[in-house]
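An overview of the molecular structure
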Amino acid sequence: MWVNGCAGLSNRQIADRLFVSVETAEGHIYRPCMKLDVADRDGFAVSMGTTVV
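The structure contained in this document is the topic of the report that follows. (Residues numbered from 1 in each chain as written. Predicted model: local features only at pLDDT ≥ 70, side-chain atom pairs only at ≥ 80, totals over all residues. Heavy atoms only, no water.)

Things to note about helix α2 (residues 11-18)
Structurally, the α-helix is built with 3.6 residues per turn, so residues lying three or four positions apart point the same way. Among the residues of α2, N11, I14 and A15 are the ones counted as buried. Taken around the axis of α2, the buried residues stretch over an arc of 100°, which confines them to a single face. Immediately beyond the C-terminal end of α2, within one or two residues, lies F19, with a positive phi of roughly 60°. (Buried < 20%, exposed > 50% of the residue type's maximum accessible area, 1.4 Å probe, protein only. Helix = DSSP H or I, 4+ residues; strand = E, 2+ residues; numbered from the N terminus. Arc of directions from axis to C-beta.)

Rendered as structure tokens:
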């Protein structure tokens, strides 16, 4: 999911691509952010050594 999130896709777009609910996509984006203590996708991308496209 994070590859899609870092590619700049919305939660809805990620859910549609992966055939999951929007809530599932949101959870898979939100939980890693909380564990890494980052506020958003940009912060996660930076912590993973990449950038949001």
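Picking up where we left off.
So, the pattern of salt bridges
Evaluated as defined, the whole model comprises one salt bridge. Put simply, D16 and R12 hold a salt bridge, and the shortest N to O gap is 3.8 Å. Of this pair, D16 and R12 both sit in helix α2, four residues apart, roughly one helical turn. By relative accessible area, D16 is classed as partly exposed at 47%. (Salt bridge = Lys/Arg side-chain N within 4 Å of Asp/Glu carboxyl O.)

Brief notes about unusual backbone geometry
With a phi angle near 60°, F19 is a residue other than glycine that sits in the positive phi range. For F19, the location among the structural elements is in the loop between α2 and α3 (22-36). For F19, a relative accessible area of 78% corresponds to the exposed category.

Remarks on the nonpolar core
In this structure, L9, I14, A15, V22, A25 and I29 together form the largest nonpolar core, which totals six residues. Sorting the residues of this core by element identifies α2 and α3 as the ones contributing at least two each. The element best represented in this core is α3, accounting for three residues. (Core = buried A, V, L, I, M, F, W, Y, C linked by side-chain atoms within 4.5 Å.)

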